[in-house]
Amino acid sequence: MTKPSIFGLTIEQLTAWLVEHGQKKFRATQVWDWLYKKRVINFSDMVNINKDCRQLLEAHFSIHTLTEAVKQESKDGTIKFLFKLQDGNLIETVLMRHHYGLSVCVTTQVGCNIGCTFCASGILRKNRDLTGAEIVEQIMNVQKHLDEVGQGERVSHIVIMGIGEPFDNFTNMMTFLRVVNDQKGLSIGARHITVSTSGLAHKIYEFADENLQVNLAISLHAPNDELRTQIMKINRAFPLEKLMQAVDYYLKKTNRRITFEYILLKDVNDHKEEALQLAKLLGSIRHLAYVNLIPYNPVNEHIQYERSEQEAIQAFYETLKGQGINCGVRLEHGTDIDAACGQLRSKQIKKERVRKVKRADTALA
């Protein structure tokens, strides 16, 4: 029987579990120090914890359940990891270097059901949600890589924008946030964490009520319902009117800025007309809105879409600025290593299928 990962417990949950199993409360703080500060990989390494407690933990939990399947390193310092889960599923995690620190983009689901027509993540349908522990372990494995490099670097920022819809795995995502934000552990500041949603309006209300300092990003990608439904089927369930009502609630509840992600698709959503519509849509909340314009990374499975011309990107940007909308064009990372989210996973799964077919053919020969 597979043991659950200890990274799935908040410190409060670990404390309660240890007390329930006859241990002192302070043991939880010691265990967390070993896990998140000293970053040991075996319970036996927790030398200031008594043997009975170490054996208890060993009997009930695992420390690392993810294994590295593939690692791609870009010329710009970006590293894309393909991790294998205990059940054999594959997920992607990306380390990016910025002037302000090291950011990690984590995955929350195995596959995605949102079905955005331009996205590599949704090529393979959702198999299951990741546990809170599996999301935390992505950070721990990236930090382990940094520790092994030996330059004293640490993960300072997190974006929850990898494969899957984070708000479709809300409970486990919240566990992840509480674990990585805890000052006794990794102590990654809430304002250094961004969670992205494709627009699950009902969950935006719930997220606002959590009263966190975590940043919110919304994948918008179109300024009107007709176009947004065409490229994002989620808009059928949560059209712009419902989405913007949830946005208004979030802003009134938190008074925190929202980032609106907008992937520019050549001759689809990159005209001046769409820029003016977008400015109108965000006009009443422009003081708390920021538009992140994203040059499209082409995906072989979605050949109907191309990257916008540089002139169109610049014109779109200038139109928004001219309408008083705060915006910027996102810097690109890892363009030489399967840049689009989900590309590496999709490519690896195809390779595995080809290998299986070849092995079957060989066996029949």
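Below you will find a few notes about this structure. (Residues numbered from 1 in each chain as written. Predicted model: local features only at pLDDT ≥ 70, side-chain atom pairs only at ≥ 80, totals over all residues. Heavy atoms only, no water.)

### As for the overall build of the protein
Secondary structure summary: the protein contains twelve helices and twelve strands in total. Taken against the 2.2 N^0.38 rule, which gives 21 Å for 365 residues, the C-alpha radius of gyration of the protein at 22 Å falls within 12% of a compact globule. Summarising its shape, the C-alpha atoms of the protein cover approximately 70 × 65 × 40 Å along the three principal directions. Within the protein, the proportion of its 365 residues that are buried is 54%. Within the protein, residue pairs in contact and separated by at least 24 positions form 67% of the contacts whose partners lie at least 6 positions apart. When the accessible surface of the protein is split by element, carbon and sulfur atoms take 49% of a total near 17000 Å². Treating the 47 positive side-chain charges of the protein as one cloud and the 42 negative ones as another, the clouds have centres 4 Å apart. (Helix = DSSP H or I, 4+ residues; strand = E, 2+ residues; numbered from the N terminus. Rg over C-alpha atoms; globule rule 2.2 N^0.38 Å. Buried < 20%, exposed > 50% of the residue type's maximum accessible area, 1.4 Å probe, protein only. Contact = heavy atoms within 4.5 Å. Areas by Shrake-Rupley, 256 points an atom, 1.4 Å probe, with all protein chains shown as cover. Lys, Arg positive; Asp, Glu negative; His and termini not counted. Charge placed at Lys NZ, Arg CZ, Asp CG, Glu CD.)

### Examining the pattern of salt bridges
In this structure the tally under the stated criterion is 15 salt bridges. Taking the shortest distance from any N to any O, the salt bridge between R128 and D87 comes out at 2.7 Å. You can see R128 sitting in strand β6 (residues 128-129) and its partner D87 sitting in the loop between β2 (79-84) and β3 (90-98), a full 41 residues away along the chain. E306 serves as the salt-bridge partner of K266, at 3.8 Å between the closest nitrogen and oxygen. (Salt bridge = Lys/Arg side-chain N within 4 Å of Asp/Glu carboxyl O.)

### Brief notes about helix α5 (residues 170-181)
In this model, α5 (twelve residues) spans 16 Å end to end at C-alpha, consistent with the 16 Å of a helix rising 1.5 Å per residue. In this structure, the buried residues of α5 make contact with α2 (26-37), α4 (132-149), β7 (155-160), β8 (193-197) and α6 (201-209). (Expected span 1.5 Å × (residues − 1).)

### Structural notes on the packing of α6 against helix α9 (residues 240-254)
Put simply, α6 and α9 touch, their axes get as near as 8 Å, and they point 5° apart. Taken together, the axes of α6 and α9 lie roughly parallel to each other. Judged by residue contacts, A201, I204, Y205, F207, A208 and D209 of α6 engage K242, L243, Q245, A246, Y249, Y250, K253 and T254 from α9. For the contact of α6 with α9, a count of residues per class yields nine nonpolar, two polar and three charged. (Axes fitted to C-alpha atoms, helices over the stretch in contact; angles between N-to-C directions. Parallel < 35°, antiparallel > 145°, perpendicular 65-115°, else oblique. Nonpolar A, V, L, I, M, F, W, Y, C, P; charged D, E, K, R; others polar.)

### Quick word on the packing of α4 against α5
α5 packs onto α4 with a crossing angle of 40° between their chain directions and a minimal axis gap of 8 Å. Our classification of the angle between α4 and α5 gives oblique. Considering only the axes of α4 and α5, their crossing is right-handed. Counted together, G132, I135, V136 and I139 of α4 and N172, M173, F176 and V179 of α5 form the full contact between these two elements. Here the residues of the contact of α4 with α5 sort into six nonpolar, two polar and no charged. (Left-handed = near helix turned anticlockwise from the far one by under 90°.)

### With respect to the packing of aromatic side chains
Under the defined criterion, the tally for this structure stands at ten aromatic pairs. Ring geometry for F7 versus Y36: centroids 5.5 Å apart, planes at 70°, classification edge-to-face. Residue F7 is found in the segment before α1 (11-20), and its partner Y36 is found in helix α2; the two are separated by 29 residues along the sequence. For the pair F7 and Y36, a shared accessibility class is recorded, and that class is buried. Ring centres of Y296 and Y305 lie 6.4 Å apart, and the angle between their planes is 80°; on these two criteria the pair is classed as edge-to-face. As far as burial versus exposure is concerned, Y296 and Y305 are alike and both buried. Taken together, F167, F170, F207 and Y250 form an aromatic cluster joined through their ring pairs. Seen from the ring of W34, K38 lies directly overhead, with NZ or CZ sitting 4.7 Å from the centre. (Phe/Tyr/Trp six-rings, centres within 6.5 Å; stacked < 30°, edge-to-face > 60°. Lys NZ or Arg CZ within 6 Å of the ring centre and 35° of its normal.)

### What about the environment of F176?
Structurally, the position occupied by F176 is in helix α5. Classification of F176 as buried rests on a relative accessible area of 0%. When the C-alpha positions of F176 and V40 are compared, they lie 19 Å apart, and in sequence the two are 136 residues distant. When sequence neighbours within four positions are dropped, the list of residues in contact with F176 reads V106, G132, I135, V136, I139, I158 and I160.

### Here we look at the sheet that holds strand β11 (residues 289-295)
Within the open sheet, the ten strands sit side by side as β1-β2-β3-β4-β7-β8-β9-β10-β11-β12. Their pairing is mixed. Only two strands of the sheet have a single partner each, and these edge strands are β1 (67-73) and β12 (327-329). The average angle at which neighbouring strand axes cross in this sheet is 25°, direction not considered. (Pairing = 2+ DSSP bridges.)

### Here's the deal with unusual backbone geometry
Despite not being glycine, S187 has its phi angle at roughly 55°, a positive value. When you line up the elements, S187 lands in the loop between α5 and β8. Its identity as a non-glycine residue notwithstanding, H221 has a phi of 70°, on the positive side. Within the secondary structure, H221 sits in the loop between β9 (215-219) and α7 (225-231). Judged by relative accessible area, which is 4%, H221 ranks as buried.

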